[in-house]
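Fold and contact review
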Amino acid sequence: MDNNRKFYSKTLLFGEYALIFGSPALSMPFEKRFGYLEFSKIPDAAATQSNNDLLAFLPYVERLNQQHVLSININVKHFELEINKGLVFRSNIPIGYGLGSSGALVAAVYHRYGITANSNRSYTEEELKMLKADFALLESYFHGTSSGLDPLICYLQKAVFLDAERKITV
């Protein structure tokens, strides 16, 4: 598994209100903006803040695991161990502009700590829906609610089309 993999932001090509009103949407990865997990070599202010943010996210992920609501388990012990060793999420994705900064973080955590997670394979429609549901639960930590679409795009690193009937096509 590539633990230093970059997770690209996303850009919505059309369908801004698709998730609210049920219209089609097409979104794709935007490779100029990305984030990745790494161990901070220099504990600057950004690294300290990122590490603290991951530490704050940890109990939420642990609670989801304990409730058995994700389709896979997240190795929270390993996640916590690495946070305590200085793990940070480095990103050039602007926060608060709808480009998927939280989606990239969720995808990175899921990829690195998700037991049996594998973003480098083909998925059935049902598996894509399960992934999207997992990502919605995880990303809701940051927004209160989430469709899961942004982290899905960041995780798969492929364009995703959501039709009016909510069928997901990669």
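If you're wondering where the values come from, they're calculated on a predicted model, not measured in any experiment. (Residues numbered from 1 in each chain as written. Predicted model: local features only at pLDDT ≥ 70, side-chain atom pairs only at ≥ 80, totals over all residues. Heavy atoms only, no water.)

1. Examining helix 3 (residues 76–84)
For clarity, the cut-off: The cut-offs for exposure are 20% and 50% of the maximum accessible area for each residue type, with area from a 1.4 Å probe on protein chains only; residues under the lower value are buried, those over the upper are exposed, and the others partly exposed. By the criteria applied, helices consist of DSSP H or I runs no shorter than four residues and strands consist of E runs no shorter than two, each listed in order from the N terminus. Of all possible arcs, the one meant is that of the directions from the helix axis to the C-beta atoms. Any two residues whose heavy atoms approach within 4.5 Å at even a single point are treated as in contact.
For helix 3, the full list of buried residues reads Val76, Phe79, Glu82 and Ile83. On an axial view of helix 3, the arc spanned by its buried residues comes to 125°, and they lie on one face. Residues of helix 3 that are exposed and point more than 90 degrees away from the buried face comprise Lys77 and Asn84. Looking at the buried positions of helix 3, the neighbouring elements they touch are strand 2 (25–39), helix 2 (45–67), strand 3 (87–91) and helix 4 (101–113).

2. Re the pattern of salt bridges
Our working definition: For salt bridges, the criterion is a side-chain nitrogen of Lys or Arg within 4 Å of an Asp or Glu carboxyl oxygen.
Taken as a whole, this structure holds five salt bridges when the rule is applied. Here Asp150 makes a salt bridge to Lys10, at a shortest N to O gap of 3.6 Å. Linking Asp150 in helix 6 (residues 149–156) with Lys10 in strand 1 (residues 7–14), this pair joins segments that are 140 residues apart in sequence. The partner of Arg90 in a salt bridge is Asp44, with the nearest N and O atoms 3.8 Å apart. Highlighted residues: Arg90 in strand 3 and Asp44 in the loop between strand 2 and helix 2, separated in sequence by 46 residues.

3. Structural notes on the side chain of Ser101
Tracing the chain through its elements places Ser101 in helix 4. Apart from residues lying up to four places away in sequence, Ser101 is in contact with Phe89, Ile93, Pro94 and Ile95.

4. Re the nonpolar core
Inclusion rule: Nonpolar cores were defined as sets of buried Ala, Val, Leu, Ile, Met, Phe, Trp, Tyr and Cys residues, with membership established by side-chain atoms within 4.5 Å.
Counting 39 residues, the largest nonpolar core has Phe79, Leu152 and Tyr155 as the members making the most contacts within it. Sorting the residues of this core by element identifies helix 2, helix 3, strand 3, helix 4, helix 5 (125–143), helix 6 and strand 4 (160–162) as the ones contributing at least two each. It is helix 4 that contributes the most residues to this core, eight residues altogether.

It is worth stressing that arrangement in space is one thing and function is another; only the former is reported here.
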